[in-house]
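Below, each chain spelled out in residue letters.
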There are 2 protein chains.
Amino acid sequence: MAATIKEIAARAHVSIATVSRVINKDPRVTEETRAQILKIAERLDYRPNILARSFAQKKSNLIGLILPEISDEYFTEVIKGVDEIAFSQNLYTIVASSHKYKSLEDEVVTFIKNGLISGLILLASNLDDTLLSILSKSHLPVVLINSSNNIKKFDRIAIGDYQGSFSMTTYLIKKKHYNLLAHITGPLDNDDAGLRRKGFIDACKKYGVKYIIEKGDFSRESGFNACKKLLNNKDRPQVIFAANDMMAIGCYDCIKQMKLQIPQDVGVVGFDDVFVSQYLNPPLTTVRVNIEAVGKKAAELLLKKIQSTNNISSSVINIPTELIIRESC
Amino acid sequence: MAATIKEIAARAHVSIATVSRVINKDPRVTEETRAQILKIAERLDYRPNILARSFAQKKSNLIGLILPEISDEYFTEVIKGVDEIAFSQNLYTIVASSHKYKSLEDEVVTFIKNGLISGLILLASNLDDTLLSILSKSHLPVVLINSSNNIKKFDRIAIGDYQGSFSMTTYLIKKKHYNLLAHITGPLDNDDAGLRRKGFIDACKKYGVKYIIEKGDFSRESGFNACKKLLNNKDRPQVIFAANDMMAIGCYDCIKQMKLQIPQDVGVVGFDDVFVSQYLNPPLTTVRVNIEAVGKKAAELLLKKIQSTNNISSSVINIPTELIIRESC
DNA sequence: CTGTTAGCGCTTTCAG
DNA sequence: CTGAAAGCGCTAACAG
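Before going into details, it helps to say that this report is about the structure given with it. (Residues numbered from 1 in each chain as written. Chains lettered and ligands numbered in written order. Predicted model: local features only at pLDDT ≥ 70, side-chain atom pairs only at ≥ 80, totals over all residues.)

A short note on the overall build of chain A
Counting secondary structure elements, chain A contains twelve helices and twelve strands. Relative to its length of 329 residues, chain A is extended, with a C-alpha radius of gyration of 26 Å against a globular reference of 20 Å. Projected onto its principal axes, the C-alpha positions of chain A cover 90 × 40 × 35 Å. Sorting the 329 residues of chain A into buried and exposed places 47% on the buried side. Counting only contacts in chain A whose residues sit at least 6 apart along the sequence, the fraction spanning at least 24 positions is 72%. (Helix = DSSP H or I, 4+ residues; strand = E, 2+ residues; numbered from the N terminus. Rg over C-alpha atoms; globule rule 2.2 N^0.38 Å. Buried ≥ 20, exposed ≤ 12 C-beta atoms within 10 Å, placed from the backbone. Contact = placed C-beta atoms within 7 Å.)

Written out as structure tokens, the structure is:
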């Protein structure tokens, strides 16, 4: 059915090697033959068989992007960023998430060993040593999206979790004059969550204000539940700093259900600045993370690694955060 | 580096053909040798080289998903649905969007010819005959996500645009007793937009109420602009039916800027029921589309087509819509 | 500048 | 039930 270089070679009365050369823009071909071959290729509507090419070269034009899940707006922004960069370089992106069907580790191992992809971007907020060692043993170019400072030896995109959280807390204390704050954390094993928690606590301690910590898991429901506990506390906090916007939304739901007012009765602030936050009632004060930039930077870094043979020293790119002041506190 | 069947064959003192058979669960192997080979494969942490396999079989375990763009929540829900089904069948999904870098047609052609994928899901709201003919000439299994009834000969997932729009309009007229309605359309060449427009107009005509049509393009900005025009009209409409939620949000922005109240001064309703809609102030009355179901159904249909050799007659799966009554009208 | 050839890892006849 | 061998389409030395 589809034309192959063999066919083109036959028609052009040259060898397949020559055809291969012009397809791959190898300069060692005369203009004449090049033009001739190109014409025939055009006429036959030739398209290289990518599978064959990838196989022969032992490298594909596919990169893998592994995410914890694909649902959250947060993650889709990452996909968008990665795709945009990858696409501009003729790379295709395979997106996979650690579904119920497969654990993250299994997923990664499969990707590495099956030779499908020639680079990997891994967004995971808790990386254990096993995985890290698997990753470094495979000689696949890898870029991590992870904010933990403990990870050396890998190229990494990090979010300014600590700074963002610290600034927000400082703002709540110094500008808004709250003196009893609460923080709803993300999952304990999540590095971003840990950093945000630490930024909060450090700022509270620095200014000597009282605080309460409640546990969440980044889901709307957990925000709702944590908020309920907080409001029923004998010492009701004046403001709740949720470790992400989804949990802040859960707080909104809870507070409304209890017929309380934001920010009069209790303030709420979040982290991420997802699309919906600006439309909440009242609009949510939060810490903005430029998520698309995370994806873009990750892809750019990965491409650089794939293209350069010599392994450059691993770099960390920090994506800064920004305080977005709205009306929820 | 990575183990191959050759290596396993050597250690098991069998031929590579036998190894290949057990890997592929061919029953024509004795239990003993099978167990033996499996054990060695396990020990060597063998993973088949997908590229080699795909190449040899002339078919891959990759399916393509082409979208107009990747940013919108709408599209990411589709991705999620497709991925979930595909993944459960050991298929990987390559997501591509018709970027500035490539036209939709170019994208499709590349995908088809390069032999990378063994099935394609194409979400496009305006398909021209050229593209359709390219698609049918390639013998690639294809599932379209498109609501136009003019497309025969292709498996297709369609959204209940017309019904949803007709019901919403009927609700506006009969239950809410509006008698001057406005509709902000999506892009003219978009089939979903066309159907929604038609549903609106048909309902208005059926009940003999007056209506105004304003043009939009599904973007928030276009909703804002269309709304402004509408409100400055000498005959100001009592309610605005935006062809999607994003434009409805644009209306909210505009109405607030003009210091008007929803729904007292003017009602607003949308279409899609994206996540943010329930949190708008006031919560948006809209038509819900189960977008994830769209993705899932598309993937399921595609898998069925890929697996069955005989081409079944093309089916159309309709994803119904549902009126979501909230407080914006 | 161009042709010859080996071979990538695996599947798949075809014999045995 | 198992092995031998061809070949998928292309790249990449190596000759010439």
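Description of the relation of the copies chain A and chain B
In the superposition of chain A on chain B (RMSD 0.2 Å, axial shift 0.1 Å), the rotation amounts to 180 degrees. This pairing of chains is accounted for by a two-fold axis. By residue overlap, the copies meet face to face through one surface: 97% of the interface positions of chain A are interface positions in chain B. (Least-squares fit on C-alpha atoms with pLDDT ≥ 70 in both.)

Brief notes about the pairing of strand β4 (residues 142–145) of chain A
Residue and element names in this part refer to chain A. The two faces of β4 match: V142 and L144 on one face and V143 and I145 on the other face are all buried. Across four bridges, strand β3 (residues 120–123) lies against β4 in parallel orientation. Paired with L122 across the two strands is L144, which belongs to β4. Handedness of the crossover is the feature at issue here: the chain leaves β3, passes through helix α7 (residues 129–137), returns alongside β4, and the resulting connection is right-handed. Summarising the sheet, β4 and strand β5 (residues 155–159) pair through three bridges and their orientation is parallel. Looking at β5, one finds that V143 is bridged to D155. (Pairing = 2+ DSSP bridges. Right-handed = clockwise from strand over helix to strand, strands pointing away.)

Quick look at the sheet that holds β5 of chain A
On the basis of which strands lie adjacent, the open sheet formed by twelve strands has the order β11(A)-β5(A)-β4(A)-β3(A)-β1(A)-β2(A)-β2(B)-β1(B)-β3(B)-β4(B)-β5(B)-β11(B) and mixed pairing. Where the open sheet ends on each side, the last strands, each with one partner, are β11 (316–319) of chain A together with β11 (316–319) of chain B. Geometrically, the sheet is characterised by an average inter-axis angle of 20 degrees between neighbouring strands, direction not taken into account. Helix-sheet contacts for helix α12 (residues 291–307) of chain B involve β1 (62–67), β3 (120–123), β4 (142–145), β5 (155–159) and β11 of chain B, and the interaxial angle to β5 of chain B is about 170 degrees. (Axes fitted to C-alpha atoms, helices over the stretch in contact; angles between N-to-C directions.)

Points about the interface of chain A and chain B
Of the residues lining the interface, 39 residues belong to chain A; the matching set on chain B comes to 38 residues. Counting only elements with at least two residues in the side of chain A that touches chain B, the list comes to α4 (50–57), α5 (73–88), β2 (92–97) and α6 (104–113) of chain A. For the side of chain A that touches chain B, the leading source of residues is α5 of chain A, giving eight residues. Residue classes in the side of chain A that touches chain B are distributed as 20 nonpolar, 13 polar and six charged. Two strands pair when backbone bridges link them, and β2 of chain A and strand β2 (residues 92–97) of chain B are joined in this way by two bridges, in the antiparallel orientation. What sits directly across from T93 of chain A, in β2 of chain B, is V95 of chain B. (Nonpolar A, V, L, I, M, F, W, Y, C, P; charged D, E, K, R; others polar.)

Digging into the packing of helix α10 (residues 220–232) of chain A against helix α11 (residues 245–257) of chain A
Residue and element names in this part refer to chain A. Where α10 contacts α11, the axes come no closer than 7 Å and their chain directions differ by 50 degrees. As summarised for this structure, α10 and α11 are arranged oblique, according to the angle between their axes. Handedness of the crossing formed by α10 with α11: right-handed. Judged by residue contacts, R220, E221, S222, G223, F224, C227 and K228 of α10 engage M246, M247, A248, I249, G250, C251, D253, C254 and I255 from α11. (Parallel < 35°, antiparallel > 145°, perpendicular 65-115°, else oblique. Left-handed = near helix turned anticlockwise from the far one by under 90°.)

Let's talk about the sheet that holds strand β9 (residues 267–269) of chain A
Strand pairing in a sheet is mediated by backbone hydrogen bonds. Such pairs are either parallel or antiparallel. All names here are of chain A. Strand order in this open sheet of four strands is β7-β6-β8-β9, and the pairing throughout is parallel. The two strands at the open ends of the sheet, each matched to only one other strand, are β7 (210–215) and β9. Averaged over neighbouring strand pairs, the angle between their axes works out to 20 degrees when direction is ignored. Helix α8 (residues 161–175) rests against β6 (180–185), β8 (239–242) and β9 of the sheet, and its axis sits at about 175 degrees to β8. Sheet strands touched by helix α9 (residues 191–206): β6, β7 and β8. Its angle to β6, the strand with the most contacts, is close to 170 degrees.

Take it as geometry only, folks, not as evidence of what the structure does.
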